[in-house]
Amino acid sequence: MKWRIDSGGNFYDPDGDNLVYFDQDSGDTHLVNRFAGYLIERLGAAPGAVSIEELIELVLEDLETDESPELK
C-alpha cells in the first residue's frame, strides 16, 4: 500500500499533546497527536506516494537511531 497527502492543510497547536489539522480541500478537521502530525508533514513533503518502508526511511532521517535501535 502506498500513502500520500492529496490536499494541503493547516496545523493549529493548542499547546497540548495534540494538534488540530484542518484539511483545506475537504473542510474536515482532525485532532491528531504530535507524531501523527509529524507523519502528515513528512508525507506532504514526499514527492509522491510512499510505501510504509519508504515512510520509515523518511522518519529515520530525522531520528538519531542510536536512541531508537528498534527502528533500524
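Residues numbered from 1 in each chain as written. Predicted model: local features only at pLDDT ≥ 70, side-chain atom pairs only at ≥ 80, totals over all residues. Heavy atoms only, no water.

1. Topic: helix α1 (residues 34–45)
- Look at α1: 17 Å from first C-alpha to last across 12 residues, which is about the 16 Å you get at 1.5 Å a residue.
- Among all positions of α1, only Gly37, Ile40, Arg42 and Leu43 are buried.
- In the core, the buried residues of α1 are packed alongside β1 (2–3), β2 (9–12), β3 (18–23), β4 (29–33), β5 (50–51) and α2 (52–62).
- Capping the start of α1, Asn33 holds a side-chain oxygen 3.1 Å from the backbone nitrogen of Phe35, two or three residues further along. (Helix = DSSP H or I, 4+ residues; strand = E, 2+ residues; numbered from the N terminus. Expected span 1.5 Å × (residues − 1). Buried < 20%, exposed > 50% of the residue type's maximum accessible area, 1.4 Å probe, protein only. Contact = heavy atoms within 4.5 Å. Polar contact = N/O pair within 3.5 Å; in protein donor to acceptor, adjacent residues only side chain to side chain.)

2. Considerations on the sheet that holds β2
- Pairing within the open sheet is antiparallel, and its three strands lie in the order β2-β3-β4. For this open sheet the edge positions go to β2 and β4, each flanked by a neighbour on one side alone. In this sheet, neighbouring strand axes are inclined to one another by 30 degrees on average, regardless of whether the strands run parallel or antiparallel.
- Bridge analysis of β2 against β3 gives four bridges, and the strand direction is antiparallel. Paired with Tyr12 across the strands is Val20, a residue of β3.
- Across the sheet, α1 touches β2, β3 and β4, and the angle it forms with β4 is around 115 degrees. (Pairing = 2+ DSSP bridges. Axes fitted to C-alpha atoms, helices over the stretch in contact; angles between N-to-C directions.)

3. Regarding the pattern of salt bridges
- Tallying each qualifying case throughout the model produces four salt bridges.
- Residues Asp13 and Arg34 are paired through a salt bridge, measuring 2.8 Å at the closest nitrogen-oxygen approach. A residue pair is termed long-range when its members are at least 10 positions apart, and Asp13 in the loop between β2 and β3 and Arg34 in helix α1 qualify at 21 residues.
- Among the residues examined, Asp13 registers a relative accessible area of 42% and is labelled partly exposed.
- Across the pair Asp62 and Arg42 runs a salt bridge, and its minimum N-O distance is 3.5 Å. Residue Asp62 is found in helix α2, and its partner Arg42 is found in helix α1; the two are separated by 20 residues along the sequence.
- Given a relative accessible area of 18%, Arg42 falls into the buried group.
- Through salt bridges with shared partners, a single ionic network connects Arg42, Glu61 and Asp62. (Salt bridge = Lys/Arg side-chain N within 4 Å of Asp/Glu carboxyl O.)

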